[in-house]
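# Understanding the architecture of this molecule
Each chain, written out:
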Amino acid sequence: MPELPETLSDQLRALLSYDTDPITAAEARSLAARSSDDATHLGPSRPGRPQRHAGIRPALAWTLGILVLIALGIGVSVSFNRTSHAKPAGGPTTTSAANGGVVPWVDRSVSSSLLTSLLPKPLPSTPPQTNAPACLSQSLSLVGFNALGLMQDDGIVIGFRNDGRAACIERATPRVEAMAPGQVTVVATTDPVPSYGEIVNIPPGGSVMMQVHAPVACNADPGGGNQGLPVYSTLAIYIPGGAPKVQDGLHLTFQCGMSNTPFWSGKPPPVYPANPLVDLVPQLQLPTTVKAGSTLDYRVVLSNPENRPVELSPCPVYLEYSSIPRTKLTYRLNCGTVHAIPAHGREVYQMEMALPASASPGQTEVWWTLFGVSTPIAKGQFQVG
Amino acid sequence: LAHSEDREEDFEAFVTKVEPGLRHAFRASYGVDRGRDATAEALAYAWEHWSRVCQLANPSGYLYRVGRSKTRVRRFQPFFERPVDRDIWVEPGLPEALASLPMRQRVAVFLVHGYDTPVKEVAAILGVREATVHTHLRRGLATLRKSLNVERTHLRNEGITELEDQKGQENA
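In every chain, residue numbers begin from 1 and rise along the written sequence. Going through the entries in the order they are written, you letter the chains from A and number the ligands from 1. For a predicted model such as this one, the threshold for reporting local features is a pLDDT of at least 70, and the threshold for listing and counting side-chain atom pairs is 80 or more; totals across whole chains, interfaces and linings nevertheless cover every residue. Derived side-chain values reflect all non-hydrogen atoms in the structure, with water molecules and hydrogen atoms excluded from consideration.

The next point concerns the sheet that holds strand 19 (residues 346-354) of chain A. All names here are of chain A. DSSP calls a pair of strands paired once it identifies at least 2 bridges connecting them. The numbering of helices and of strands both runs from the N terminus, where a helix is a DSSP run of H or I of at least 4 residues and a strand a run of E of at least 2. The strand order 12-14-19 describes an open sheet built from three strands, whose pairing is antiparallel. In this open sheet, the two edge strands, each paired with only one partner strand, are strand 12 (281-285) and strand 19. The sheet shows a mean angle of 30 degrees between the axes of neighbouring strands, taken without regard to direction. As judged from the nine bridges shared by strand 14 (residues 295-303) and strand 19, these two strands associate in the antiparallel manner. Residue pairing in the sheet places serine 303 in a bridge with arginine 346 of strand 19. Between N-to-C directions, angles cover 0 to 180 degrees, with each direction set by a line fitted to C-alpha atoms, over the stretch in contact for helices.

Here it is as structure tokens:
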């Protein structure tokens, strides 16, 4: 058993011991340079503002993919198997498990750029409707606000509802004024629609949002801080053709000015094509004990409970991961002889994972999954001796 | 070309300097994966606006706000997921107790007591005074003690020497 950390500092360090890899300058430049439409581009970086939208950002796709895999798998399809492991007799074979064989492990590691290219591309979506007549001022009602940041220190987002009987659209950016007793009225400048929003028809009863930004830090005042500044509690939103909409009860300060967006709706989430690999259920066969510094030799049984075969083309990539730091690995499956897993069939694959000599003795957990969205994850345990 | 290379070298050095603090702060704010996303977004922003960012007196504080702004789309979702399975030997209630802290208190506790970050640096990242960080620490630790039902919590900076479980004492 590991020694129990006795102090809060020790407990925090233990909690933080699983850390992510640092962000490198190259990764930051790459993220800045890529546009979302060019998910696999790995060319030289360039300065300047990239085009972005709410889809998966390429440089983060690897991280997000793993997060989705682990989050979904743990909740849905974790399978435990702690049976003893016996290495297959004889030399490597490529016979199928149906014949009692094990598909041998092959050392085909996968780069993060290849993983990025394997992430599914969203299906084409229907263009949003933008053909409704302009909204009348009286048909848009103010329904409330939420803070952006703690204590509204980044501003607020205000919700409006279309109370009219027909769809409408509001393309113009409303004029916004902030007021406080004894203070000068502050007029907002204009912000663009955020990358995750769009100006579309507002159906009857539908909602739209408008952000009012009042950041506590900016280039002119990078350190930020809003001590001593007057607090504005009221905003007036002017929509042409009617009386201003008034929002009270606010706590806004303007050391960096104020700006507001047009009315926007959130973009619908992307839809991805079906992934046949989600039908394959992995199970782990692990040894009871493995020495630190040696190779964990184990097996994965891939079962297909469905009534149709699952093609292994393109050859899938798998992810294996253990609770020992720096044992997160991605490889190609050995598709040399097995090109599909038949309906109600299964294949057994040999796996290897090098354990660092620094691995702590004790119970260790291993996760294994085929790379892709919503693919099941197998989980097992062994002892580091 | 030489200018471009200089620019990239400067940015490399900048990232080496500010990335750990930012990543730790964002991890405390949003959890491991979203925290990494926010760090990447903030540093990408720094590269896009390098000519301005490199002249800032407090770039960490500025980029911390940029990262928070960039993750705004997911602001309304709960964050700070409990680490899975890895930390079973940590006080079981600690992740939830930390997650329940207000963000600035959590960032202060994480950075100072988990990463040994100087209070001055935490103040720069959060854009507040050092005294405010101490306030966040004091309140955060008090909440943690209460959440974990712990009488006293060892903290190097406070000179207290051991963790005492109130229930354990009562049982003894």
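What follows covers the sheet that holds strand 16 (residues 317-322) of chain A. Spatial ordering of the open sheet is given by 13-21-20-16-17 (chain A), a layout of five strands whose pairing is mixed. Two strands lie at the open edges of the sheet, namely strand 13 (289-290) and strand 17 (329-332) of chain A, each paired on one side alone.

Residues and elements named next belong to chain B. One less than the number of residues in a helix, times 1.5 Å, gives the span that helix is expected to have. For helix 4 (residues 59-70), built from twelve residues, the straight-helix expectation of 16 Å at 1.5 Å per residue is met to within 8% by its first-to-last C-alpha distance of 16 Å. Among the twelve residues that make up helix 4, ten are buried, leaving the element largely enclosed by the rest of the structure. Only protein chains enter the area calculation, which uses a 1.4 Å probe; residues under 20% of their type maximum are buried, those over 50% are exposed, and those in between are partly exposed. Turning to helix 4, its buried residues number three or more, namely Pro59, Ser60, Gly61, Tyr62, Leu63, Tyr64, Arg65, Val66, Gly67 and Arg68.

Before going further, it helps to spend a moment on the state of the cysteines. Residue and element names in this part refer to chain A. Any two cysteine sulfur atoms within 2.5 Å of one another count as a disulfide. For the structure shown, the criterion picks out two disulfides over all chains. For cysteine 315, the disulfide goes to cysteine 335, at an S-S distance of 2.0 Å. In this structure the cystine formed by cysteine 315 and cysteine 335 twists about its S-S bond by roughly 85 degrees; its chirality is therefore right-handed. Taken together, the residues cysteine 315 in the loop between strand 15 (310-311) and strand 16 and cysteine 335 in the loop between strand 17 and strand 18 (340-341) connect sequence positions 20 residues apart. There is no split in this pair, since cysteine 315 and cysteine 335 are both buried.

Residues Phe11, Phe14, Leu43, Leu63, Tyr64 and Leu144 of chain B are the most contacted members of the largest nonpolar core, which totals 54 residues. Per element, the largest residue contribution to this core is nine residues, and it comes from helix 1 (residues 2-30) of chain B. Between two residues, a contact is recorded if the distance between any of their heavy atoms is within 4.5 Å. Those residues in contact with leucine 43 of chain B that lie beyond four places of it in its chain are Ile23 and Ala28 of chain A together with Phe11, Phe14, Val15, Val18, Glu19, Leu22 and Leu63 of chain B. Grouping buried Ala, Val, Leu, Ile, Met, Phe, Trp, Tyr and Cys residues that are joined through side-chain atoms within 4.5 Å yields what is termed a nonpolar core. Core analysis: the second largest hydrophobic core is formed by 32 residues, Val103, Tyr298, Cys315 and Tyr349 of chain A among them.

Another point: helix 7 (residues 119-126) of chain B. All names here are of chain B. Within the span of helix 7, buried status applies to Val119, Val122, Ala123, Ile125 and Leu126. Here the buried residues of helix 7 occupy an arc of 165 degrees about the axis, which is enough to place them on one side. Two residues or fewer past helix 7, glycine 127 is found with a positive phi of approximately 70 degrees. Arc definition: directions from the helix axis to the C-beta atoms.

All right, on to the pattern of salt bridges then. Any carboxyl oxygen of Asp or Glu within 4 Å of a side-chain nitrogen of Lys or Arg constitutes a salt bridge here. Taken as a whole and assessed by the stated rule, the structure comprises eight salt bridges over all chains. Glutamate 365 of chain A is the partner of lysine 379 of chain A in a salt bridge, and the nearest nitrogen-oxygen pair spans 3.8 Å. Of this pair, lysine 379 of chain A sits in strand 21 (residues 377-384) while glutamate 365 of chain A is found in strand 20 (residues 362-370), placing the two residues 14 residues apart along the sequence. The exposure class assigned to lysine 379 of chain A is buried, which follows from its relative accessible area of 6%. Given the relative accessible area of 7%, glutamate 365 of chain A is considered buried. Beyond isolated ion pairs, a larger network of salt bridges with shared partners links Arg29 of chain A together with Glu8 and Glu12 of chain B.

Further remarks concern the packing of helix 6 (residues 103-114) of chain B against helix 7 of chain B. Residues and elements named next belong to chain B. At a closest axis distance of 10 Å, the pairing of helix 6 and helix 7 adopts a crossing angle of 145 degrees. Between helix 6 and helix 7 lies a crossing whose hand is right-handed. Residue-level contacts link Arg104, Val107, Ala108, Leu111 and Val112 of helix 6 to Val119, Val122, Ile125 and Leu126 of helix 7. In this count, Pro and Cys sit with the nonpolar residues alongside Ala, Val, Leu, Ile, Met, Phe, Trp and Tyr, while Asp, Glu, Lys and Arg are called charged and the others, Gly among them, polar. Here the contact of helix 6 with helix 7 is built from residues that sort into eight nonpolar, no polar and one charged. In a left-handed crossing the near helix is turned counterclockwise from the far helix by less than a right angle, and in a right-handed crossing that turn is clockwise.

All names here are of chain B. Within chain B, residue pLDDT values average 74, and 71% of them lie at 70 or more. Confidence of the predictor in every single residue is expressed as pLDDT, which spans 0 to 100. Of all secondary-structure elements in chain B, the lowest mean pLDDT belongs to strand 2 (residues 164-165), at 30, while helix 7 reaches the highest, 91. This model gives residues 73-88 a pLDDT under 50, and the stretch forms 48 contacts once residues within four places in sequence are excluded. Reported confidence for the predicted complex is 0.74 by ipTM and 0.41 by pTM.

A word on the packing of aromatic side chains. Ring geometry is summarised as follows: Phe, Tyr and Trp rings, the Trp one being its six-membered ring, pair when their centres sit within 6.5 Å, and such pairs are stacked at plane angles under 30 degrees, edge-to-face over 60 and tilted between the two. This structure, assessed with the given rule, holds 14 aromatic pairs over all chains. Taking 5.4 Å as the distance between ring centres and 75 degrees as the angle between the ring planes, the aromatic pair formed by tryptophan 105 of chain A and tyrosine 331 of chain A counts as edge-to-face. Remark: tyrosine 331 of chain A occurs in strand 17 and tryptophan 105 of chain A occurs in the loop between helix 3 (58-76) and helix 4 (112-118); sequence separation between them is 226 residues. No difference in accessibility class separates tryptophan 105 of chain A from tyrosine 331 of chain A, as the two residues are buried. Put simply, the rings of Trp105, Tyr318, Tyr331 and Trp368 of chain A touch in pairs and so form one group of aromatic residues. Charges are assigned to positions over rings by a cutoff of 6 Å between ring centre and Lys NZ or Arg CZ, combined with an angular limit of 35 degrees from the ring normal. Between the NZ or CZ atom of arginine 29 of chain A and the centre of the ring of tryptophan 47 of chain B, over which it lies, the distance is 5.5 Å.

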